[in-house]
Amino acid sequence: MLQIRDLIWGLLFIGCAAAIQVQITPTQGEISVGESKFFLCEVVGDVKDIDWYDPRGEKILPNSPDISVSRSDEATLTLTIYHADVDSAGIYKCVAKNGDKEAQATVQVKIFQKITFRNAPTPQEFNEGDDADIVCDVVSSPPAAIIWKYKGATIQVSKDVRFKILSNGHLLIRGIKKTDEGMYNCEARVTARGEIDFRMMKVIVNVLPTIRARQSEVNATADVGSSALLACDADGFPEPTVTWAHNNVVLETGDKYSLNGDGSELEIRDVKKVDEGDYTCIAKNKAGEKSEEVSLNVFVQPKITFLINQTASEFEEQVTLTCEASGDPTPAISWSFGQRVFTEGEQASWTQPHKYESLDKNVVVRSHARVSSLTLKNVQFTYAGQYLCTASNSIGQDNRHMYLEVRYAPKILGSVTVYTWEGNPANISCEVDAHPGAEVVWFRDGLQLPNANTTNMKVYNTPTISYLEITPDSQNDFGSYNCTATNVMGAESKEFILIQAEVPSSPEIQQVEPFSSTAVVEFEEPVSMGGVPIIKYRVEWRSLGQEWSGREYDAEDDMTRITIVDLKPETTYEVKMSAINGKGEGESSTASTFKTQPVRYSFTISSSIPPTIAATAMTRKGEPSAPKLEAKAQGGNSLKVTWIKQDDGGSPIKHYLVRYKATHVSDWKPEIRLPHGSEYVLLSSLDWNTEYEVRVVAENQQGKSKPGTLSFRTAVEPTTIPDAVDGGSGLGTGAIVGILIVVFFLLLVGVDVTCYFLNKCGLLMCIAVNFCGKAGPGAKSKDIEEGKAAFTKDESKEPIVEVRTEEENTPNQEGGGPTEPNETTPLTEPEPAAADTAPLVVKLPPSAAVNSVTESFSTAHSSPASESTTLTTSASSPTKATPAQSSPKNTSPKTNPQPEVGPLVDLSDTPKVAPSSNPTPPVSEPPSANADGPQGRGDSVKAPDSSQSQDSQVDGPAKDAPNAPCTDSTSPPAQHDGKTVKDDNTKGETEVKNATAEVKTVPNEAPQTNGNESKA
């Protein structure tokens, strides 16, 4: 029974074991490094255990960190590989067991490395000149090939030895430059997989700073509150930072130092002597640092450190004053007292300050190092006062005063005589010089003043002067008064005298300078002033036999001239003077006689007045005389111009006109108008060091005076910096204008010569025709050719001229009135309205002659097959006549019994057209026309414009004929077809109105008439 059971179980086990199957999904695996992947182990059949084993044969436990297994159901076990690396590669085995039976399956896991940039930083920075190793670390399996690119182009290592690709894929640039800066492309390729990847890296090339000091040495002055500025300029890449150091201590912004934004400027405030030394300017960036030294030299202004006041008594043997000073450089010390200056080794006498004497005299100066002493011998009271000690060096100077006190007895100063008069208060001044101060007492006749008996006296005291005010009541108050001053050093007395004042004596008139309405009186001051100053002068004047007129003038210092006004011209006057002081008016001087001058006249003769009455066309002008000018500088570039009024011309001055300018320019400044009472003008803002001219004109009702002139030069500007002298010279305006005129003239000559040779016209053409009898080069042959073209020889017929008229509106005619003749107006009179549309045929007999015929031929440009010439006529007389107006109503013919036949048109070989009796009404000649000479008779008449006149044309196959000036001829007038021609033997031009005439000429045998060749 036991064996059967075992057998059954064995059969069951074998059957079950044979049924177990293991399958792994996926069957193979490739994992990139860092990636994760899982595999399913699926078991078919009944199993108890399913396990995964790693390539080392170790069982993989659940929940492992990198490789773990998990069972989702009874028949499935999952293997998960997290973040695979190269160690994860190998054969993994899945084993399923059921008792002693098992089944297994394996899967091979391959780990490969994708292109990975482990280290490719950006940006990468290098110093200029260094060997740059541009890092690009790439890992892959298999290893990738590295290619470097710069600016889109592959770097060819073989072409530039500075570049090299290292075995680790890095790019090496030897001696990198700033120009190598930019974006580099590190490209990795794995050919087996066709994989490619790249990284862009920025390469920055840093440049070592360069530094330069703006000033290698800076000077500053200490102890004056000033600042010193040290500056250096640094360049580099990236922008360097600048710092300053002094005595190896980096300086920072604070109370003492100040740095600007980029640190390039260091300001040292309140410079002291201890700030002297070297300062280091340091520029630093990623490429490194550079430094530069700047020296600060600190100078110290002199400063007096010891000077004290001293006291001495008069007549002491000597007193010594001491002065000490500091400074760098060492200052020199000098002494002065008032205007007297004492230096070392020089002695001065107090009686003769300008004279330096030997060492044993009154003043001795000695100096040693920074100490100086001034010794005064035989002390006098005049030694007292302020002494100035001056210490100076190249930086500046320092001054300090000390006071020398000299004790001495009183000394009374001042004038001893005082003038006044009864009832007028007067002050007697007792000026006392004493140290210490003195007490002053006034006495008279041994009695101290004031007292009970002297009510008209008062005493006023100041520290140095005592005043005794006296108001004299009678003669007894005049006399002697005593002033006594007393101090601890002694006493002194002085007598003062009060004297009765008198009126002044009379002034003495020296001369009188008369004008027409004023007079200037010159005088000398009175010999006696009467003891008190003169306050006024009285001047009186009168014409002979009249009452005295007078005026008082305030007295001024050095007054010697007085001007009296409102006098009559050509009148004899007497003048006298007196002086007035506080006491009263003195006697008058002896009268002086003078006669005023007459009023000046000027005569103007107008050119438009006939000479017979020119003498009556006079304008009376009493202009004033020119003022006398004086100038006085007002400091700098200002000037005060004063003037002295002269003769006013018998009429009050209305105003003064002032003009001024610099002498080197032509334009005057704007005129300044000043009222009549003005005596000066202030000119300001003038140019420095410039010569000026000033003119002042006085104007009254009659006119203006001649200008009073004055020239002066302003001062040189103190701070003027001379301008650089410009070299070379330029053309003036006149020279430039002259050159332009010459060029224009030459241009006109060139145009005229061109017209002469090409178009047979112009000034040269006119000269050749009228004076030389020539028509210009080639004109003769052209005339012949054109004559042949216009006329053909036919001896059987006479020349016939057919005239056709055609109605045409003329723009410049209004209301049917006559048109003003001009250079373009045809010289033919318009026909009546009835004949405007009728064709007109005029036959020209050989014997007939016109007064003047001018033919001008011009090619018609409108038709190449038919060419025409224009015919214009004019009548003139060889003698000058008054211009006359033409009248169509005048039908009376006038003949000349002996007409003068002028030259006709020369047509060379062609039959000549006989002078015709073609009616030509006379027209007025413009006044400017020259009618009495060959030139006047030969003046050309231009072909009329279609807008102003009618054209006369002669048809024919002729070529262009050159224009020629007109030639004149005369003939008696004739009538044809009811048309009347009037000939007054005067030069004129006919005017054609509202019609054009087409003239056809048929040549016939006719005698040839010689004449001048005429071209328009």
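This structure is a prediction, so every number in the text was calculated from the model and none was measured.

Visitor: What should I look at first to understand the overall build of the chain in this one?
Guide: Counting secondary structure elements, the chain contains 5 helices and 64 strands. As displayed, the chain has an accessible area near 56600 Å², and 51% of this comes from carbon and sulfur atoms.

Visitor: Would you explain the state of the cysteines in this entry?
Guide: Every disulfide links exactly two cysteines, by a covalent bond between their sulfur atoms. Applying the stated criterion across every chain yields a total of 5 disulfides. Between the sulfur atoms of Cys-323 and its disulfide mate Cys-389 the distance is 1.9 Å. The disulfide joining Cys-323 to Cys-389 has a torsion of about -85 degrees about its S-S bond and is therefore left-handed. Residue Cys-323 is found in strand β28 (residues 318–328), and its partner Cys-389 is found in strand β33 (residues 385–392); the two are separated by 66 residues along the sequence. Linked covalently through their sulfurs, Cys-430 and Cys-483 form a disulfide whose S-S length is 1.9 Å. When the S-S torsion is -80 degrees, as for the bridge of Cys-430 with Cys-483, the disulfide is left-handed. Here the residue Cys-430 occupies a position in strand β36 (residues 426–435), and Cys-483 occupies one in strand β41 (residues 479–487), the gap between them amounting to 53 residues. Cys-483 gets classed as buried once you look at its relative accessible area, which sits at 0%. Disulfides within the chain link the bonded cysteines, taken in sequence order, as 1-2, 3-4, 5-6, 7-8, 9-10. Free of any disulfide, Cys-755 has its nearest neighbouring cysteine sulfur in Cys-761, separated by 4.5 Å.

Visitor: Honestly, the sheet that holds strand β50 (residues 628–633) in this entry has me stumped. Any pointers?
Guide: Picture the strands of a sheet paired through backbone hydrogen bonds; they go either parallel or antiparallel. A sheet is described by the order of its strands in space; here 3 strands give the open sequence β50-β51-β54, paired in antiparallel fashion. Each edge of the open sheet carries a strand with a single partner, namely β50 and β54 (680–683). Across this sheet, the average inter-strand angle for adjacent strands is 20 degrees, counted without regard to direction. Two strands pair when backbone bridges link them, and strand β51 (residues 639–644) and β54 are joined in this way by 4 bridges, in the antiparallel orientation. Looking at β54, one finds that Leu-639 is bridged to Leu-683.

Visitor: Where do I start with the nonpolar core in this structure?
Guide: Buried together is how nonpolar side chains tend to be arranged in soluble globular proteins. Counting residues in each nonpolar core, the largest one holds 25 residues, and the members touching the most others are Trp-52 and Tyr-92. At the level of secondary structure, the elements contributing two or more residues to this core comprise β1 (21–25), β3 (37–44), β4 (49–53), β5 (67–73), β6 (76–81), β7 (90–98) and β8 (101–112). Of the residues forming this core, the biggest block, 5 residues, is contributed by β8. What Tyr-92 contacts, discounting residues up to four positions off in sequence, is Trp-52, Tyr-53, Asp-54, Pro-55, Ile-60, Ile-67, Leu-79, Ile-81, Ala-105, Thr-106, Val-107 and Val-109.

Visitor: How should I be thinking about the sheet that holds strand β45 (residues 534–543) in this particular structure?
Guide: Judged by pairing direction, the sheet is antiparallel, and its 4 strands sit side by side in the order β46-β45-β48-β49 without closing on themselves. Each of the sheet's edge strands pairs with one partner strand only, and the pair in question is β46 (549–554) and β49 (592–595). Sheet twist, expressed as the average angle between the axes of neighbouring strands with direction ignored, equals 30 degrees. Here 9 bridges tie β45 to strand β48 (residues 572–581), and the two strands are oriented antiparallel to one another.

Visitor: Whenever I open this one, the pairing of strand β31 (residues 363–368) confuses me. Can you help?
Guide: Successive side chains on a regular strand alternate, one facing one side of the sheet and the next facing the other. Taken together, the 6 bridges between β31 and strand β32 (residues 371–377) define a ladder with antiparallel strand orientation. Pairing of Val-365 across the sheet is with Leu-374, part of β32. Between the antiparallel neighbours β31 and β32 lie 2 residues, among them Ala-369 with a positive phi of about 55 degrees.

Visitor: Before we go on, may I ask you to explain the side chain of Thr-78 in this structure?
Guide: Along the chain, Thr-78 falls in strand β6. Not counting residues up to four positions away in its chain, the partners in contact with Thr-78 are Phe-38, Phe-39, Leu-40, Trp-52, Ser-68, Val-69 and Ser-70.

Visitor: Can you walk me through the packing of helix α2 (residues 733–758) against helix α3 (residues 763–770) in this structure?
Guide: How two helices pack is summed up by the angle between their axes together with the distance between the axes. Here α2 crosses α3 at 55 degrees, and the two axes come no closer than 7 Å. One finds that α2 runs oblique with respect to α3. For the pair α2 and α3, contact is made by Asp-752, Val-753 and Tyr-756 and by Leu-763, Leu-764, Met-765 and Ala-768, respectively. Its residues assigned to classes, the contact of α2 with α3 comprises 6 nonpolar, no polar and 1 charged.

Visitor: How should I be thinking about unusual backbone geometry in this particular structure?
Guide: As a rule of thumb, non-glycine residues mostly have phi less than zero, and peptide bonds are mostly trans rather than cis. The linkage connecting Asp-328 with the following residue, Pro-329, adopts the cis geometry, with an omega of 0 degrees. Along the chain, Pro-329 turns up in the loop between β28 and β29 (332–337). Omega for the peptide link from Leu-449 to Pro-450 comes to -10 degrees, which places this bond in the cis form. Position of Pro-450 relative to the elements: it lies in the loop between β38 (447–449) and β39 (457–461). A positive phi angle is found at Asp-445, which is not glycine, with a value near 55 degrees. As for its position among the elements, Asp-445 is in the loop between β37 (439–444) and β38. A positive phi angle, close to 55 degrees, is found at Asp-558, a residue other than glycine. Note on Asp-558: relative accessible area 71%, which makes it exposed.

Visitor: Please clarify how a positive patch on the surface should be interpreted in this entry.
Guide: A surface patch of positive charge is lined by Lys-654, Arg-659, Arg-673 and Lys-704. Assignment of secondary structure puts Arg-673 in strand β53 (residues 672–675).

Visitor: So what exactly am I meant to see when it comes to the pairing of strand β34 (residues 397–413) here?
Guide: As paired strands, strand β27 (residues 310–313) and β34 are joined by 4 bridges and run parallel to one another. Bridging from a neighbouring strand, Ala-312 pairs with Val-406 of β34. Relative to β34, β33 runs antiparallel, the two sharing 8 bridges. Counterpart to Gly-385 in the pairing with β34 is Leu-404. Two successive antiparallel strands, β33 and β34, enclose a turn made up of 4 residues.

Visitor: Which parts of the structure should I look at to understand α3?
Guide: An α-helical segment advances 3.6 residues per turn. Residues three or four places apart therefore align on the same side. For α3, the complete set of buried residues consists of Met-765, Ala-768 and Val-769. Taken around the axis of α3, the buried residues stretch over an arc of 95 degrees, which confines them to a single face. Contacts from the buried residues of α3 go to α2.

Visitor: What am I meant to see in the environment of Phe-39 here?
Guide: Here Phe-39 shows up in strand β3. Separated by 40 residues in sequence, Phe-39 and Leu-79 have C-alpha atoms that sit 5.0 Å apart. Not counting the four nearest positions on each side in its chain, Phe-39 is found in contact with Ile-24, Thr-25, Pro-26, Gln-28, Gly-29, Trp-52, Leu-77, Thr-78, Leu-79, Ile-81, Val-107 and Val-109.

Visitor: Would you mind going over the packing of aromatic side chains with me for this structure?
Guide: What describes a pair of aromatic rings is the distance from one ring centre to the other and the angle between the planes of the rings. For the structure on display, the rule yields 10 aromatic pairs. Look at Tyr-150 and Tyr-184: their rings are 4.5 Å apart centre to centre, the planes differ by 20 degrees, and that puts the pair in the stacked class. Placement of Tyr-150 in strand β13 (residues 145–150) and of Tyr-184 in strand β17 (residues 182–190) is noted, with a sequence separation of 34 residues between them. By the burial criterion, Tyr-150 is buried, and Tyr-184 matches it. An angle of 80 degrees between the planes, with centres 5.1 Å apart, marks the rings of Tyr-756 and Phe-757 as edge-to-face. Judged by its relative accessible area of 14%, Tyr-756 is buried. When its relative accessible area of 47% is taken as the criterion, Phe-757 is described as partly exposed. Through successive ring pairs, a cluster of aromatic residues spans Tyr-660, Tyr-692 and Phe-712. Its end group placed over the ring of Trp-548, Lys-576 keeps NZ or CZ at 4.4 Å from the ring centre. Over the ring of Trp-668 we find Lys-661, and its NZ or CZ is 5.2 Å from the ring centre.

Conventions we followed
Residues numbered from 1 in each chain as written. Predicted model: local features only at pLDDT ≥ 70, side-chain atom pairs only at ≥ 80, totals over all residues. Heavy atoms only, no water. Helix = DSSP H or I, 4+ residues; strand = E, 2+ residues; numbered from the N terminus. Areas by Shrake-Rupley, 256 points an atom, 1.4 Å probe, with all protein chains shown as cover. Disulfide = S-S within 2.5 Å. Buried < 20%, exposed > 50% of the residue type's maximum accessible area, 1.4 Å probe, protein only. Pairing = 2+ DSSP bridges. Axes fitted to C-alpha atoms, helices over the stretch in contact; angles between N-to-C directions. Core = buried A, V, L, I, M, F, W, Y, C linked by side-chain atoms within 4.5 Å. Contact = heavy atoms within 4.5 Å. Parallel < 35°, antiparallel > 145°, perpendicular 65-115°, else oblique. Nonpolar A, V, L, I, M, F, W, Y, C, P; charged D, E, K, R; others polar. Patch = residues over 30% accessible without salt bridge, like charges linked within 9 Å, V, L, I, M, F, W, Y side chains within 5 Å. Salt bridge = Lys/Arg side-chain N within 4 Å of Asp/Glu carboxyl O. Lys, Arg positive; Asp, Glu negative; His and termini not counted. Charge placed at Lys NZ, Arg CZ, Asp CG, Glu CD. Arc of directions from axis to C-beta. Phe/Tyr/Trp six-rings, centres within 6.5 Å; stacked < 30°, edge-to-face > 60°. Lys NZ or Arg CZ within 6 Å of the ring centre and 35° of its normal.

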